[in-house]
Amino acid sequence: MILKPSACRAFEARKPGRRLSTKRVKASDRASSLPHEHGAFSPDGIFRITQRVCDFQLDQFGVVNNSVYCNYLEHCRSEAFHALGFNVHETARQGKALALSQLNMAYKLPLRSRDTFEVRMWVERVTGARIALGQDIFLQATGESD
């Protein structure tokens, strides 16, 4: 796992007792029919989207800049809502925009140029006007030994 957002109100990402891992995701662990740019829900209710690091997302040390991870997570949330038929932009135009009120992340491994990774999102709970979501990012297996 590259990072684990640990808390997010409105989109809350907490999973008490869940141990974090730095393992790479094997190709056999991924859903085989995932479209690269749009993602899909798997039978276990987890939305998965595969992305690739672009060079402009790197900092002076050759790793993805910390702020870019927020973009990866937002892209995943947006695509998941779209897959469910929920138009986030139309909701915002009606003055009912979803607001992200808190986001905390624990960085486990850096992403580097041209790395392929998977962003996952699942619903933790729904209460009143809040939706609690869990998200994580996993580096895809490259065939190289870890």
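Here's a quick rundown of the structure. Here, residues in each chain are numbered from 1, in the same order as that chain's written sequence. For this predicted model, a pLDDT threshold of at least 70 governs which residues receive local features, and a threshold of 80 or more governs which side-chain atom pairs are given and counted, while totals over whole chains, interfaces and linings are taken from all residues. Working from all heavy atoms in the structure, the side-chain values ignore hydrogens and water.

Things to note about the pattern of salt bridges
Moving on, step 1. For this analysis, a salt bridge means a side-chain nitrogen from Lys or Arg found within 4 Å of a carboxyl oxygen belonging to Asp or Glu. A complete count under the given rule lists five salt bridges for this structure.
Moving on, step 2. The residue Arg 48 makes a salt bridge to Asp 44 at a minimum N-O spacing of 3.2 Å.
Moving on, step 3. Per-residue accessibility, obtained with a 1.4 Å probe over protein chains only, is compared with the maximum for each type, and a residue is labelled buried under 20%, exposed over 50%, and partly exposed between these values. Here Asp 44 falls in the exposed class, since its relative accessible area comes to 51%.
Moving on, step 4. Close ionic contact of Glu 118 with Arg 120 constitutes a salt bridge, the shortest N to O distance being 2.6 Å.
Moving on, step 5. Taking the relative accessible area as the measure of exposure, Glu 118 reaches 0% and is therefore buried.
Moving on, step 6. Taken together, the shared-partner salt bridges connect Asp 44, Arg 48, Glu 118 and Arg 120 into one network.

Structural notes on the nonpolar core
Moving on, step 1. Among buried residues, those of type Ala, Val, Leu, Ile, Met, Phe, Trp, Tyr and Cys that are joined through side-chain atoms within 4.5 Å constitute a nonpolar core. Grouped together as the largest cluster of nonpolar side chains are 18 residues, with contacts concentrated most on Val 64, Tyr 72, Leu 111, Phe 117, Val 119 and Ile 137.
Moving on, step 2. Secondary structure is summarised from DSSP: a helix means a run of H or I of at least four residues, a strand means a run of E of at least two, and numbering begins at the N terminus for each. When contributions to this core are tallied by element, the ones reaching two or more residues are strand S3 (47-52), helix H1 (66-83), strand S5 (116-127) and strand S6 (130-139).
Moving on, step 3. Sorting elements by how many residues they give to this core places H1 first, with seven residues.
Moving on, step 4. By definition in these notes, contact holds between two residues if any of their heavy atoms fall within 4.5 Å. Look past the residues within four positions of Tyr 72 in its chain and what remains in contact with it is Gln 51, Val 53, Gln 57, Val 64, Leu 111, Phe 117, Val 119 and Ile 137.

Here's the deal with the packing of aromatic side chains
Moving on, step 1. Each pair of aromatic rings taken from Phe, Tyr and Trp, with Trp reduced to its six-membered ring, is defined by centres within 6.5 Å and is described as stacked if the planes are under 30 degrees apart, edge-to-face if over 60, and tilted in the remaining cases. By the definition in use, this model includes five aromatic pairs.
Moving on, step 2. Measuring from centroid to centroid gives 5.0 Å for Phe 41 and Phe 47, while their planes differ by 65°, and the two rings are edge-to-face.
Moving on, step 3. Phe 41 gets classed as partly exposed once you look at its relative accessible area, which sits at 34%.
Moving on, step 4. Judged by relative accessible area, Phe 47 falls into the buried class, the value being 0%.

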